[in-house]
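# Coordinate inspection notes
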Amino acid sequence: MAFEIKDIDETRAPLLDHLIELRSRLMRAIFALLIGFGVCFYFADPILGFLVQPLKDSFPDGEGQLIFTKLPEIFFVELKIGLFAGFMVSFPIIANQLWAFIAPGLYAQEKKAFLPFLIATPVLFIGGAALAYYVVMPLAFLFFLGFGGEAGGLQVQALPAAGEYLSLVMQFILAFGLTFLLPVLLMLLHRAGIVTREQLVAARRYVIVGIVALAAIVTPPDPGTQVILAVPLLLLFEGSLLLMRLQEKTMRKNKAKEESEAEETAEQAVGDQPAE
């Protein structure tokens, strides 16, 4: 019985080590998120000023304003800003902790294959978020404010609430940022052998329809923003197909190199055997 307990403890030891390391990585990630939240919550007013700039520029000079209809609304708006911006700031540290936990279990070749995706993820997300902030949001706000004016002798004015505006801004940024990760998803699926480039090429017409439908779902109901999201996604899809072709060539070269090295090793082993 003592030997059995010892064997069980020896098998559990590596699992316990992994769980302890996972807990340590999670604690560091949460600590980084809390620090990012605290810093961004302290600077919530300047961050909110940066987020409302597209709306301010859409109004005529001196006419734009944000209102709040509930007393605690601005407080919760600043909490959301702190959490949202804090996650953005701490994401590199969180991703680094994730990579540090996964990397030891990967082969050198797998690390080389996975690391570009880890680097491309924040770059593509920031690119999508920048497109939303600098291009899409100003056009969308101009479109929405164009419905103001006079109706039935009454003045129709836009009085956006702070909470609703922040939710709309977060919807824009997250929608564009996450959808711009399409190449990373496709390349990972291709790398894992779940989909092939030929399958995606054959399904191109369905992908186009899906991208247009996705753009219509995640953006406000105006054609301009939907087109601005759909066109880059189509370009990213075509770029993913090109990268898949290059990746397939690299994989074929590596496979041929490995087979050649294996044959040389086998021939050398046969040559080293003593003659009978």
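All values reported here derive from a predicted model rather than from experimental measurement.

Scoring rules and cut-offs
- For every chain, the first residue of the written sequence is number 1, and numbering continues from 1 onward in sequence order.
- Given that this is a predicted model, residues contribute local features only at a pLDDT of at least 70 and side-chain atom pairs are listed and counted only at 80 or more, while totals for whole chains, interfaces and linings are drawn from all residues.
- The side-chain values count all of the structure's non-hydrogen atoms but skip hydrogen atoms and water molecules.
- The definition of a nonpolar core used throughout is a set of buried Ala, Val, Leu, Ile, Met, Phe, Trp, Tyr and Cys residues joined through side-chain atoms within 4.5 Å.
- Type-normalised accessible area, obtained with a 1.4 Å probe on protein chains alone, sets the label of each residue: buried when under 20%, exposed when over 50%, and partly exposed for intermediate values.
- Helix and strand definitions here come from DSSP, where helices need a minimum of 4 consecutive H or I residues and strands a minimum of 2 consecutive E residues; each element is numbered from the N-terminal end.
- Note on aromatic contacts: the rings of Phe and Tyr and the six-membered ring of Trp form a pair at centre separations within 6.5 Å, being stacked when their planes are under 30 degrees apart, edge-to-face when over 60 apart, and tilted otherwise.
- Axis angles are defined between N-to-C directions and span 0 to 180 degrees, where every axis is a line fitted to C-alpha atoms and, for a helix, only to the segment in contact.
- Orientation labels follow simple angle bins: below 35 degrees gives roughly parallel, above 145 gives roughly antiparallel, 65 to 115 gives roughly perpendicular, and whatever is left gives oblique.
- Contact between two residues is taken to exist if any of their heavy atoms lie within 4.5 Å; hydrogens are not considered.
- Think of it as three bins: nonpolar holds Ala, Val, Leu, Ile, Met, Phe, Trp, Tyr, Cys and Pro, charged holds Asp, Glu, Lys and Arg, and polar takes everything else, Gly as well.
- Surface patches are defined over residues having more than 30% relative accessible area and no salt bridge, joining like charges when they lie within 9 Å and nonpolar side chains (Val, Leu, Ile, Met, Phe, Trp, Tyr) when within 5 Å.
- Calculation of accessible area relied on Shrake-Rupley with a 1.4 Å probe; when residues are assessed, cover is drawn exclusively from the protein chains displayed.
- The salt bridge criterion pairs a side-chain nitrogen of Lys or Arg with a carboxyl oxygen of Asp or Glu, the two atoms within 4 Å.
- The charge count treats Lys and Arg as positive and Asp and Glu as negative. His and the chain ends do not count.
- Just so you know, the charge point we use is NZ for Lys, CZ for Arg, CG for Asp and CD for Glu.
- The span you would expect from a helix comes to 1.5 Å times its residue count less one.

Right, let's talk about the nonpolar core for a bit. Taken as a class, soluble globular proteins show a tendency for nonpolar side chains to be buried jointly. One finds Met137, Tyr165, Phe172, Phe176, Phe180, Leu229 and Phe237 to be the most contacted residues of the largest nonpolar core, which totals 46 residues. Counting only elements with at least two residues in this core, the list comes to helix H2 (44-51), helix H4 (73-102), helix H5 (108-145), helix H6 (162-179), helix H7 (182-191), helix H9 (204-218) and helix H10 (223-272). Of the residues forming this core, the biggest block, eleven residues, is contributed by H5.

Within the structure shown, the criterion is met by nine aromatic pairs. For the pair Phe37 and Phe41, a centre-to-centre distance of 5.8 Å together with 20° between the ring planes defines the contact as stacked. Of the two residues, Phe37 and Phe41 are both situated in helix H1 (residues 2-42); the distance of four residues between them amounts to about one turn of the helix. The partly exposed category is assigned to Phe41, whose relative accessible area is 28%. Taking 5.0 Å as the distance between ring centres and 85° as the angle between the ring planes, the aromatic pair formed by Tyr42 and Phe43 counts as edge-to-face.

Turning next to the packing of H2 against H4. The interhelical angle for the contact between H2 and H4, taken along N-to-C directions, is 85°, at an axis separation of 10 Å. Between H2 and H4, the crossing angle belongs to the class labelled roughly perpendicular. Contacts from Ala44, Asp45, Ile47 and Leu48 of H2 reach H4 at Val77, Glu78, Ile81 and Ala85. Of the residues assigned to the contact of H2 with H4, the class counts are six nonpolar, no polar and two charged.

Attention now moves to the environment of Val123. With respect to the helices and strands, Val123 occurs in helix H5. Since its relative accessible area comes to 56%, Val123 is described here as exposed. Separated by 54 residues in sequence, Val123 and Gly177 place their C-alpha atoms 9.5 Å apart.

A contiguous patch of positive charge on the surface is contributed by Arg245, Lys249, Arg252 and Lys253. Along the chain, the position of Lys249 falls in helix H10.

Below, the discussion takes up H6. Counted at 1.5 Å a residue, the expected span for H6 with its 18 residues is 26 Å, and the 26 Å between its end C-alpha atoms agrees. Burial in H6 covers these residues: Ala162, Gly163, Tyr165, Leu166, Val169, Phe172, Ile173, Ala175, Phe176, Gly177 and Thr179.

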